[in-house]
Amino acid sequence: MDIPADTPIADLAATRERLRTAWQARKPDYAQRRADLIRLRDAFRARSAEMDAAIRADFGHRSSHENLLSEAMIVLAEIDHALAHLRRWMKPRRAAVGWRFWPARAEIRPEPVGVVGILSPWNYPVNLALVPLASAIAAGNHVYLKPSEHTPRTSLFLRDLLADVFPEDRVAVALGGAELGAAFSALPFDHLLFTGSTAVGRKVMAAAAPNLTPVTLELGGKAPALVCPDYPIERAAARIASGKWFNAGQTCIGVDYVLVDAARRDELVQALLAQLRARYGDLGASRDYTRIINASQYARLASYLDDARQRGLQVIEPFADPAAQAQRQAERLFPPALVVEPDPQAQVMQHEIFGPILPVISYRSLDEAIARINALDRPLALYPFGHDRAQIDKILAQTLAGGVTVNDTLLHFGAHDLPFGGIGPSGIGAIHGRNGFDTFSKLLPVFHQRRLAASDLLKPPYRGKIDAMIRWLAK
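Predicted model, so just to flag it, every value in this text is computed and none were measured.

1. Brief notes about the packing of aromatic side chains
- Enumeration according to the criterion identifies 11 aromatic pairs in this entry.
- A ring pair is formed by Trp 89 and Phe 437, whose centres lie 5.5 Å apart and whose planes are at 45°; its orientation type is tilted. Of this pair, Trp 89 sits in helix α4 (residues 64-90) while Phe 437 sits in helix α16 (residues 433-439), and the two are 348 residues apart along the sequence.
- With a centroid separation of 5.1 Å and 70° between ring planes, the pair formed by Tyr 298 and Phe 334 is classed as edge-to-face.

Okay, here's the thing in structure tokens:
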């Protein structure tokens, strides 16, 4: 597959204008939205093998099982969910007006906003492009997508797929790097969604600000797993391993570090190591272990371990093989590693890791563990493990994250009726299911006056009611 040429920056504004003009000329009704979603679903399903090959080529290697689970299945399920509920989502929603405005009535009408811009990342390059695109289409918008330059083959797949499904004045795709991304962010969209790092999210928001473009930012952060003293270590290790080393840790809601009661820290370390050996065996030959996306990301992760060693921290690398190091680096195969009891100044605790390194930290009390979580920015995800409801409620009451899965990891992402989004440095706004539909809609409040005019309120018998209300307010 040839790597596509970049979209000329000079073409961006004209493409957005073409999308906007077409939308104004004919805003998508229920029939068109439904037909568009069905065509997208059918075309995507038919080309899932092509998608798998493109992603594996961009990563160097990624498990086909991971591709089908985290990309294909989630996209298809999101489209099917929208199709099943679209008619109900589009209906006006009744709203109360209160007795003071009787006999008026009110409603909230979900209206499409126009042209939605989507900046999607490289770590789940299809899922995080097509899920919000499906929501934007369901809400009746046209879409301009800019996928990541770090997965060029997948970006080309997306461009070709969408060109086959949609007219060019309904969905368009721009290809290019950071300079094009900056220009894309500065277009006067009716809504802009960005998924990626917090640092880039700040730049996207700043670029959108002059146009007062509404933004949804799906960012990241240091998502903790907190193992309470009553939760079985073996079970916690198995579920944390899934949430950490899926996609080699390159997951915005992946476990970034784990807190465990001090008495069982070493037991958890050994259980995590057993999970790694059972899952990946001969690491180099494993078909299930994903490579790091590019050399700069590999170097960043290596610098975190170098920093940990220089600080004298315990770094455990169960698949260490000095003889294979050069080959692994060439293949971008970064072995899983544990860092035990890192201090807050260590690089692994200063930054979102976004890779297969897992810090393990002990705590002496639940209050101490909660304080450690709250000392960092609010994360995109939180994973408490425990059977004591009071302890779980305490954790949820005293921390705040974008989303939570209790006694497991990642799973809240796949629940269509749960809003997916962060808070503060981990994001703004939410997507998925009806939440995504509402994000890309203007929830238009409409007040319907019935028979009674506003001027009539000053006449009998309504004047008496107004006087009574004034007396009540004056009390």
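2. Structural notes on the pairing of strand β8 (residues 224-227)
- The alternating pattern of β8 places Pro 224 and Leu 226 on one face and Ala 225 and Val 227 on the opposite face, and all of these are buried.
- Pairing of β8 with strand β9 (residues 257-261) involves 4 bridges; the strand directions are parallel. Bridge pairing in β9 places Pro 224 opposite Tyr 257.
- With helix α9 (residues 233-245) bridging β8 and its parallel neighbour β9, the resulting β-α-β unit is right-handed.
- The sheet contact formed by β8 and strand β13 (residues 381-385) spans 3 bridges and is parallel. When the bridges of β13 are listed, Ala 225 appears paired with Tyr 383.

3. A few points about the sheet that holds strand β11 (residues 337-340)
- Spatial ordering of the open sheet is given by β10-β11-β12-β9-β8-β13-β14, a layout of 7 strands whose pairing is mixed. Each edge of the open sheet is held by one strand with a lone partner, namely β10 (314-316) and β14 (403-404).
- As paired strands, β11 and strand β12 (residues 357-363) are joined by 4 bridges and run parallel to one another. When the sheet's bridge partners are listed, Leu 338 is paired in β12 with Leu 358.
- Strands in contact with helix α15 (residues 389-398) are β8, β13 and β14; relative to β13, the strand with the most contacts, it is inclined by about 160°.

4. Points about the sheet that holds strand β1 (residues 93-95)
- Read from one edge of the open sheet, 3 strands run β1-β2-β16, paired in antiparallel fashion. A strand with exactly one partner marks an edge of an open sheet, and here the two such strands are β1 and β16 (441-448). Strand-to-strand twist in this sheet, taken as the mean axis angle between neighbours without regard to direction, amounts to 30°.
- In this sheet, strand β2 (residues 105-112) lies alongside β1 in antiparallel orientation, the contact comprising 3 bridges. Its bridge partner being in β2, Arg 93 is matched across the sheet by Ile 108.

5. Details of unusual backbone geometry
- A cis geometry characterises the amide bond from Trp 102 onward to Pro 103, with omega recorded as 10°.
- By the element assignment, Pro 103 lies in the loop between β1 and β2.
- If you check the backbone angles, Ala 248 has positive phi at about 55° while not being a glycine.
- Residue position: Ala 248 is located in the loop between α9 and β9.
- For Ala 248, a relative accessible area of 0% gives the class buried.
- Positioned with a positive phi, Leu 410 is a non-glycine residue whose angle comes to about 70°.
- With respect to the secondary-structure elements, Leu 410 resides in the loop between β14 and β15 (427-428).

6. Quick look at the nonpolar core
- Counting 115 residues, the largest nonpolar core has Phe 44 and Ile 240 as its most contacted members.
- Among the elements that take part in this core, helix α5 (residues 127-138) stands out by supplying 9 residues, more than any other.
- Not counting the four nearest positions on each side in its chain, Phe 44 is found in contact with Met 51, Glu 71, Ala 72, Val 75, Leu 76, Val 126, Leu 130, Phe 157 and Leu 161.
- One finds Phe 184, Leu 187, Phe 189 and Val 215 within the second-largest nonpolar core, a separate group that totals 18 residues.

7. Some words on the pairing of β11
- Burial along β11 is two-sided: the residues Ala 337 and Val 339 and Leu 338 and Val 340 are all buried.
- Relative to β11, β10 runs antiparallel, the two being bridged by 3 bridges. Bridge pairing in β11 places Val 315 opposite Val 339.

Rules used in this analysis
- Residues numbered from 1 in each chain as written.
- Predicted model: local features only at pLDDT ≥ 70, side-chain atom pairs only at ≥ 80, totals over all residues.
- Heavy atoms only, no water.
- Phe/Tyr/Trp six-rings, centres within 6.5 Å; stacked < 30°, edge-to-face > 60°.
- Helix = DSSP H or I, 4+ residues; strand = E, 2+ residues; numbered from the N terminus.
- Buried < 20%, exposed > 50% of the residue type's maximum accessible area, 1.4 Å probe, protein only.
- Pairing = 2+ DSSP bridges.
- Right-handed = clockwise from strand over helix to strand, strands pointing away.
- Contact = heavy atoms within 4.5 Å.
- Axes fitted to C-alpha atoms, helices over the stretch in contact; angles between N-to-C directions.
- Core = buried A, V, L, I, M, F, W, Y, C linked by side-chain atoms within 4.5 Å.

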